[in-house]
Amino acid sequence: MENTSSATATQELAGWSSLPGDLLKTILDLLPWSSHPRFAAVCRHWRSVVAPFYPAWLTPVLLNAAADIGSANLRYYSPYHHKIFEEASFNLQTPNAKICSASGRHLTVCQRADQEITVAHIDLVTGVICDLFPLHRTHFDFVIYDGERRRMYGVNNAFPISQVARAIQDADSGGWYPWKFSEFRVDKPTLDASPMTNLVRHRGLLYMLGVDGRLAVYDDNRHEEGLRLLDKPQGFGGFDDDFFSYLFESDEGELMAVLMGCCRGTPVDGGLKGRALFTGTPATIMVETDVKWMRNKIFVPRLYDWPETLHVDLVERGGEVAFVPISTAASSVAQCTTGSSGTAGMWTCGLGHQESSEFWETIKLDYSIWVDFRN
């Protein structure tokens, strides 16, 4: 009886391991990326159909373009993998566009054509673009998209900020109503915004950080008032021309700011509590991370050297997004674990008593913004 059971088990194992490769690939395409290593561990035959991939959800990645965003293929730098992933099959087709903000896997840009601009909200995975109502004879320096409330807000930093423009999306048709500006008053206190900050949503309100450390707040329910200037928080620290400042909402729902030295990048204040902070672009992101060497570090968009570039497709499966090399010869094994990695090309600054690295001999990635494919 035991011999019969053993023979049956052997036959069943042989049957599973001899399934046609096309059938195995079909099954694999239905599974989330994180299950592929377990799939490959079944046997050598199953492992042979698992193509290489690089998880995009492990940490935020830096979206960047060689020149004007929209006139070149999208590239993503991953500080975890220390590689550039160039998505050759997806071009935004938005020439003369400026990156304004990012939320999850969505990117917001302002496209200028002659005397008209159009704000585009783009799904970076599907490529779906939602064009808003064009706005004549002006432009926006800061834009934020609120998908839950179907609203878009924009401000212009050509002069000290006091006005906010708002566009509302029709829930039935999906179209957008024309932009409506808040009231402009010459005698109203205004904010000289920090050049790299952005509108930040916090507890239903929008905040913006000034170069002197003061905050401006906007309440959608009191749109006509525009931005109201607040007093500088006590104990916030000093501001001068040697520092860049970034405002953001932390992963614990706190409204926070980070000050970075222009040349040396020494943090003035902060306590990351084991988290990682990705800053230096219009989107600043604080996240918890399982990658030990990334904890208590601030990442900015500078490279010591240009890392290896892989041509990839950005593919979503089961809510997970991964970079899949177009040429499987580019990589020999699937990458799906959170093991050790290095940041030889990514400028980082650790919180602590060690001396900070300098920016000398580094490459600054213009037209860049952090995006988070975990959401």
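Just so it is clear, the structure is predicted and the values come from calculations on it, not from any experiment. (Residues numbered from 1 in each chain as written. Predicted model: local features only at pLDDT ≥ 70, side-chain atom pairs only at ≥ 80, totals over all residues. Heavy atoms only, no water.)

A.B. asks: Lay out the overall build of the protein in plain terms, naming residues and giving numbers.
C.D. replies: Along the backbone of the protein there are 4 helices and 27 strands. By the burial criterion, 48% of the 375 residues in the protein qualify as buried. Within the protein, residue pairs in contact and separated by at least 24 positions form 56% of the contacts whose partners lie at least 6 positions apart. About 18,400 Å² of surface is accessible on the protein, with carbon and sulfur atoms providing 50% of the total. (Helix = DSSP H or I, 4+ residues; strand = E, 2+ residues; numbered from the N terminus. Buried < 20%, exposed > 50% of the residue type's maximum accessible area, 1.4 Å probe, protein only. Contact = heavy atoms within 4.5 Å. Areas by Shrake-Rupley, 256 points an atom, 1.4 Å probe, with all protein chains shown as cover.)

A.B. asks: Go over the sheet that holds strand E27 (residues 368-371), please, and point to the residues and values.
C.D. replies: As summarised here, the arrangement of the 7 strands in space is E1-E24-E23-E4-E3-E2-E27, forming an open sheet in which the pairing is mixed. Either end of the sheet is taken by a strand with one partner, and the two such strands are strand E1 (54-55) and E27. Relative to strand E3 (residues 74-78), strand E2 (residues 61-64) runs antiparallel, the two sharing 3 bridges. Directly across from Asn64, in E3, lies its bridge partner Arg75. (Pairing = 2+ DSSP bridges.)

A.B. asks: Run through the sheet that holds strand E13 (residues 180-181), naming residues and quoting values.
C.D. replies: On the basis of which strands lie adjacent, the open sheet formed by 4 strands has the order E10-E11-E12-E13 and antiparallel pairing. Two strands in the sheet have a free side with no partner beyond their single neighbour: strand E10 (142-146) and E13. By the bridge criterion, 5 bridges tie E10 to strand E11 (residues 151-155) in an arrangement that is antiparallel. Each residue of the ladder has a partner; that of Asp146, found in E11, is Arg151.

A.B. asks: I'd like a description of the nonpolar core, backed by residues and values.
C.D. replies: One finds Leu63, Tyr76, Leu124, Phe323, Val371 and Phe373 to be the most contacted residues of the largest nonpolar core, which totals 25 residues. For this core, the secondary structure elements donating two or more residues are E2, E3, strand E5 (97-103), strand E6 (106-113), strand E7 (116-123), strand E23 (309-317), strand E24 (320-325) and E27. Among the elements that take part in this core, E23 stands out by supplying 3 residues, more than any other. Apart from the residues within four sequence positions on either side, Val371 is in contact with Pro60, Val61, Leu63, Tyr76, Ala102, Gly104, Leu124 and Ile285. Core analysis: the second largest hydrophobic core is formed by 22 residues, Trp57, Tyr80, Met294 and Met346 among them. (Core = buried A, V, L, I, M, F, W, Y, C linked by side-chain atoms within 4.5 Å.)

A.B. asks: Pulling in residues and values, what's your account of the environment of Trp306?
C.D. replies: Here Trp306 lies in the loop between strand E22 (297-303) and E23. Counting along the chain gives 223 residues from Trp306 to Lys83, while the straight-line C-alpha distance between them is 8.6 Å. Among residues more than four places away in sequence, those in contact with Trp306 are Asn64, Arg75, Ile84, Ile363 and Leu365. There is a polar contact of 3.4 Å between the side chain of Trp306 and the side chain of Thr309. (Polar contact = N/O pair within 3.5 Å; in protein donor to acceptor, adjacent residues only side chain to side chain.)

A.B. asks: Requested: an account of the confidence of the model for the protein, with residues and values cited.
C.D. replies: Scored by pLDDT, the protein comes out at a mean of 78, with 76% of its residues at no less than 70. Considering only residues more than four positions removed or in separate chains, one finds that residues 263-269, a stretch of pLDDT under 50, has 24 contacts. Segment residues 329-340: pLDDT under 50, and 26 contacts once partners within four positions in sequence are set aside and those in other chains are kept. (pLDDT = per-residue confidence, 0-100.)

A.B. asks: Give me the state of the cysteines: which residues, what numbers.
C.D. replies: For the coordinates displayed, the defined rule picks out 0 disulfides. No disulfide involves Cys100; its sulfur sits 3.3 Å from that of Cys110, the nearest cysteine. (Disulfide = S-S within 2.5 Å.)

A.B. asks: Mind laying out the packing of aromatic side chains, listing which residues take part and the relevant values?
C.D. replies: Counted according to the given criterion, the structure contains 12 aromatic pairs. Judged by centre distance (4.4 Å) and plane angle (5°), the ring pair of Phe85 and Phe323 falls under stacked. Here Phe85 is found in strand E4 (residues 83-87), whereas its partner Phe323 is found in strand E24, with 238 residues between them in sequence. Both residues of the pair, Phe85 and Phe323, count as buried. Look at Trp293 and Phe299: their rings are 6.5 Å apart centre to centre, the planes differ by 65°, and that puts the pair in the edge-to-face class. (Phe/Tyr/Trp six-rings, centres within 6.5 Å; stacked < 30°, edge-to-face > 60°.)

A.B. asks: Could you give an account of the pairing of strand E25 (residues 346-350), naming the residues involved and the relevant values?
C.D. replies: Counted residue by residue, E25 has 5 buried out of 5 residues, so it is predominantly covered. Side chains Met346, Thr348 and Gly350 of E25 all project onto a buried face; the interleaved residues Trp347 and Cys349 project onto the opposite face, where all are buried too. Relative to E25, E22 runs antiparallel, the two sharing 4 bridges. Looking across to E25, one finds that Lys297 is bridged to Gly350.

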